[in-house]
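# Reading the structure
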Amino acid sequence: MGSSLSQHEKKRRKSLLNQNRKQQEETVSSSSTLTRSPLASSDSVVVDGRTYHGEASSVYWLPNDDEELDRLVGQHFAMKTLFGGNIPKEVHKHVDMEKGIKILDLGCGPRTWIMDMATEYPNSEFTGIDMSDVFPNNIRPANVTFQIANVLEPLPFEDDTFDFVNFSLFILALKKDQWIPVMKEVKRILKPGGLYHSREASMLLKGNSFVQWAGQVFTERLIEREQEPCIIDKVKELMKVAGFDVIYYKKLPTYPGRSDRLNREFLWDVKHVFKNCQPFLKEHVKVKDEEYDDFLDRFVQECQKKPELEWDFASTLGRKPVQSI
Ligand SMILES: C[S@@+](CC[C@H](N)C(=O)[O-])C[C@H]1O[C@@H](n2cnc3c(N)ncnc32)[C@H](O)[C@@H]1O
């Protein structure tokens, strides 16, 4: 793909990439160091020892290193347990995954959802895309392929290609005004009657004053980046505007302060969200690097106190109308 880019396009991308690096440098505190990683792919950036994407058009603010990929794997299994599966049962009324359909996972991250699904539905054909090269070298179920692509650009697929598109946890990856254009692209590549599955998270809700303050600091960083903190409450409306029929919506609470196994997983997850966002949060929680682990320990303790912290997740299914007007 790279060799077919025009000189003009190459120059444009290089300039956008430089702008993004500058923005990353300015966003993190002045004590942060920004270097290029000799081990990472050519368009990754390293901030405070963590590796991030270098995609100029994207505001996504989590790293793409092993520690973050481990968090996403843990989160995948916690969400699977919370929702009782990788997809709502409603899906099977509309598409036949057992018989074999074409499925796309947009922003597949550490590939857990797609590998899990590809093993469960061996007759279906799966494609995973991500802007970061987080793909395996060779181990993969035979019915999966991966591609590096940016969802903010036209997707590299023909109209009406897929029966099912999974597009989950983009709350930290899209600006408010990017949701509808991406959803319209999803609609374009879905076959008539095809399904769009979304799972998104809320901000931290309730909790004691310390937890509310930490949650507010996090929310402010999203707003600074022109992102949508309440996406789980808006996704249905956005899907409708993009031309989908919304056929299913389920919002479930988690209580990370509780001691049962599943809620402990969500506590581990939220702690690691705060850990992996350290370069962007530390100066706002007024904690130096060497004190950040103590801040995280306190955060975990405070999450376990009353009033109880709530953290919600929502699963939504949109259907492309069979006859588009
Ligand atoms: C929070 S993760 C979610 C991963 C996976 N969907 C899951 O549910 O575990 C977001 C993923 O989307 C990818 N991503 C973010 N912005 C993207 C973009 N503009 N184009 C393609 N991938 C993107 C990131 O690299 C990351 O792997």
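Each chain carries its own residue numbering, running from 1 in the direction its sequence is written. Thresholds applied to this predicted model are a pLDDT of at least 70 for local features of residues and 80 or more for the giving and counting of side-chain atom pairs; totals over whole chains, interfaces and linings are not thresholded and use all residues.

In the nomenclature of an unreviewed UniProt entry, the chain is known as Methyltransferase domain-containing protein of Rhizopus oryzae.

### Re the overall build of the chain
The following threshold applies: For helices the rule is a DSSP run of H or I covering at least 4 residues; for strands it is a run of E covering at least 2, with both sets numbered from the N terminus onward. By the criterion used throughout, residues are in contact when their C-beta atoms, derived from the backbone, lie within 7 Å.
For the chain, the count of helices and strands is nine helices and ten strands. Here the analysis covers contacts within the chain between residues at least 6 apart in sequence; of these, 71% occur between residues at least 24 apart.

### What to know about the site of the ligand
The condition that has to hold: Each residue receives a C-beta atom placed from its backbone. It is near a molecule or strand if this atom lies within 6 Å of it. Polarity classes work like this: nonpolar for Ala, Val, Leu, Ile, Met, Phe, Trp, Tyr, Cys and Pro, charged for Asp, Glu, Lys and Arg, and polar for all others, with Gly in that last group.
Taken together, 20 residues lie around the ligand, and Gly 107, Gly 109, Met 131, Leu 169 and Ala 173 are the ones closest in. For the shell around the ligand, the class distribution of residues is ten nonpolar, nine polar and one charged.

### Observations regarding helix H7 (residues 261-276)
Under the convention used in this document: Helix span is expected to be 1.5 Å times the residue number reduced by one. Partly exposed residues are those whose C-beta has more than 12 but fewer than 20 other C-beta atoms within 10 Å; with 20 or more the residue is buried, with 12 or fewer it is exposed, and the C-beta atoms are placed from the backbone.
Compared with an ideal rise of 1.5 Å per residue, which puts 16 residues at 22 Å, H7 spans 22 Å between its outermost C-alpha atoms and is within 8% of the ideal. Of the positions making up H7, those classed as buried are Asn 263, Phe 266, Leu 267, Val 270, Phe 274 and Asn 276. Tucked into the core, H7 has its buried residues touching helix H2 (66-83), strand E9 (245-254), helix H8 (278-281), helix H9 (292-303) and strand E10 (309-319).

### Details of the pairing of strand E3 (residues 50-53)
The condition is simple: Here a strand pair is declared whenever DSSP counts at least two bridges between the two strands.
Pairing geometry for strand E2 (residues 44-47) and E3, over four bridges, is antiparallel. If you follow Ser 44 over to E3, its bridge partner there is His 53. Between E2 and E3, which pair antiparallel one after the other, the connecting turn spans two residues, and Asp 48 there sits at a positive phi close to 50 degrees.

### Details of the packing of H7 against H9
Using the following cut-off: Here the axes come from fitting lines to C-alpha atoms, over the contacting stretch only for helices, and the angles between their N-to-C directions go from 0 to 180 degrees. Crossing handedness is defined as follows: a turn of the near helix away from the far one that is anticlockwise and smaller than a right angle gives a left-handed crossing, while the clockwise case is right-handed.
Close contact between H7 and H9 brings their axes to 10 Å; oriented N to C, the two are set at 145 degrees. As for how H7 packs across H9, the hand of that crossing is right-handed. On H9, the residues touching Leu 267, Lys 271, Phe 274 and Lys 275 of H7 are Leu 296, Phe 299, Val 300 and Cys 303. Of the residues that constitute the contact of H7 with H9, the class distribution is six nonpolar, no polar and two charged.

### A closer look at the packing of H2 against H7
Using the following cut-off: Just so you know how the angles are binned, under 35 degrees is roughly parallel, over 145 roughly antiparallel, 65 to 115 roughly perpendicular, and the rest oblique.
Taken N-terminus to C-terminus, the directions of H2 and H7 make an angle of 150 degrees; their axes are 10 Å apart at the nearest point. The pairing of H2 with H7 is recorded here as roughly antiparallel in orientation. Where H2 crosses over H7, the two elements pack in a sense that is left-handed. Along its contact with H2, which presents Glu 67, Glu 68, Arg 71, Gly 74, Gln 75, Ala 78, Thr 81 and Leu 82, the element H7 presents Leu 262, Glu 265, Phe 266, Trp 268, Asp 269, His 272 and Asn 276. Of the residues contributing to the contact of H2 with H7, the split by class is five nonpolar, five polar and five charged.

### Description of unusual backbone geometry
Here Lys 306 and Pro 307 are connected by a cis peptide whose omega angle stands at -10 degrees. One can find Pro 307 in the loop between H9 and E10. Its identity is not glycine, yet Lys 206 carries a phi of approximately 60 degrees, on the positive side. With respect to the helices and strands, the residue Lys 206 is situated in strand E8 (residues 190-206). On the basis of neighbour count, Lys 206 is assigned to the partly exposed category, with 16 C-beta atoms found within 10 Å. The phi dihedral of Lys 286 is positive, around 55 degrees, even though this residue is not glycine.

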